[in-house]
Amino acid sequence: MKNTCEPSSHNKLLKIGELAQQTDVAVGTIRYYETLGLLEPVHRSESGYRYYDSDAIKRVKFIKKAQSLQFSLSEIQQVLGVRDRGNPACPLVRDLLNQKIAHLENQIYQMQTLKAELETYREQWEDKPLDDPYSQKLCSLIEQVADKNISIEK
């Protein structure tokens with residue numbers, strides 16, 4: 001982003017609170033984005049006020065859209081960095097998206113496997129008698145899992 005000494009007269013600059021209001025993002029979040037290098041004011045007054053141009057609105061909205069697609073702030077930094085260097089960001093976005101899809105597929109597989117395992121336990125435990133409340137076992141069903149692996153049939 002550009003740093004200028006004086007606010008440009010042809011482009012209305014926004015204070016941080018105005019930017020926050022227009023993008024529905026907390027002022028603290030905008031400051032945090034700035035510390036991460038995701039956003040930069042175009043001007044800072046002698047008294048320390050930050051001023052942003054209309055590009056900052058687009059940038060904050062872009063960050064929020066990317067986050068809604070589960071892109072991390074680190075990934076968004078990469079995307080914006082590529083773009084700020086004058087390169088197209090879409091190839092990187094596609095790669096990151098493919099990684100996310102592969103990760104989700106792995107999570108889905110793990111969850112389906114866990115679901116099948118839990119269903120097997122539910123079936124096997126359905127008719128088991130209740131534990132004697134005076135026995136040393138807290139719950140024989142769970143202790144059984146720790147003691148032996150129940151085979152899961154698919």
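Everything in this summary refers to the structure shown in the same document. Bear in mind the structure is a predicted one, so any value in this text is a computation, not a measurement. (Residues numbered from 1 in each chain as written. Predicted model: local features only at pLDDT ≥ 70, side-chain atom pairs only at ≥ 80, totals over all residues. Heavy atoms only, no water.)

**Observations regarding the packing of aromatic side chains**
In this description, an aromatic ring pair is defined by two values, namely the gap between the centres and the angle between the planes.
Phase 1 of the analysis: A full pass over the atoms with the stated rule returns one aromatic pair.
Phase 2 of the analysis: Plain terms: the ring middles of Tyr121 and Trp125 are 5.1 Å apart, the flat faces sit at 15 degrees to each other, and that makes the pair stacked. Within this pair, Tyr121 and its partner Trp125 are both found in helix α5 (residues 90-125), separated by four residues, close to a single helical turn.
Phase 3 of the analysis: Judged by relative accessible area, Tyr121 falls into the buried class, the value being 6%.
Phase 4 of the analysis: Over the face of the ring belonging to Tyr49 we find Lys15, whose NZ or CZ atom lies 4.9 Å from the ring centre.
Phase 5 of the analysis: One cation-aromatic arrangement involves Lys100 over Phe71; the distance from NZ or CZ to the ring centre is 5.2 Å. (Phe/Tyr/Trp six-rings, centres within 6.5 Å; stacked < 30°, edge-to-face > 60°. Helix = DSSP H or I, 4+ residues; strand = E, 2+ residues; numbered from the N terminus. Buried < 20%, exposed > 50% of the residue type's maximum accessible area, 1.4 Å probe, protein only. Lys NZ or Arg CZ within 6 Å of the ring centre and 35° of its normal.)

**Describing the pattern of salt bridges**
Phase 1 of the analysis: Taken as a whole, this structure holds seven salt bridges when the rule is applied.
Phase 2 of the analysis: Between Arg59 and Asp84 there is a salt bridge, with the nearest N and O atoms lying 2.7 Å from each other. Of this pair, Arg59 sits in helix α3 (residues 54-68) while Asp84 sits in helix α4 (residues 73-84), placing them 25 residues apart in sequence.
Phase 3 of the analysis: Of the charged contacts in the structure, one is a salt bridge between Glu119 and Lys115, with a shortest N-O distance of 2.9 Å. (Salt bridge = Lys/Arg side-chain N within 4 Å of Asp/Glu carboxyl O.)

**A short note on helix α1 (residues 16-23)**
For an α-helix, the turn length of 3.6 residues means that residues three or four places apart are oriented alike.
Phase 1 of the analysis: Every buried residue belonging to α1 is among Ile16, Leu19, Ala20 and Thr23, and all of these are buried. Axial view of α1: buried residues confined to an arc of 100 degrees, hence all on one face.
Phase 2 of the analysis: Here the buried face of α1 lies against β1 (14-15), α2 (27-36), β3 (50-52) and α3.
Phase 3 of the analysis: A positive backbone phi angle near 60 degrees is found at Asp24, which sits one or two residues after α1. (Arc of directions from axis to C-beta. Contact = heavy atoms within 4.5 Å.)

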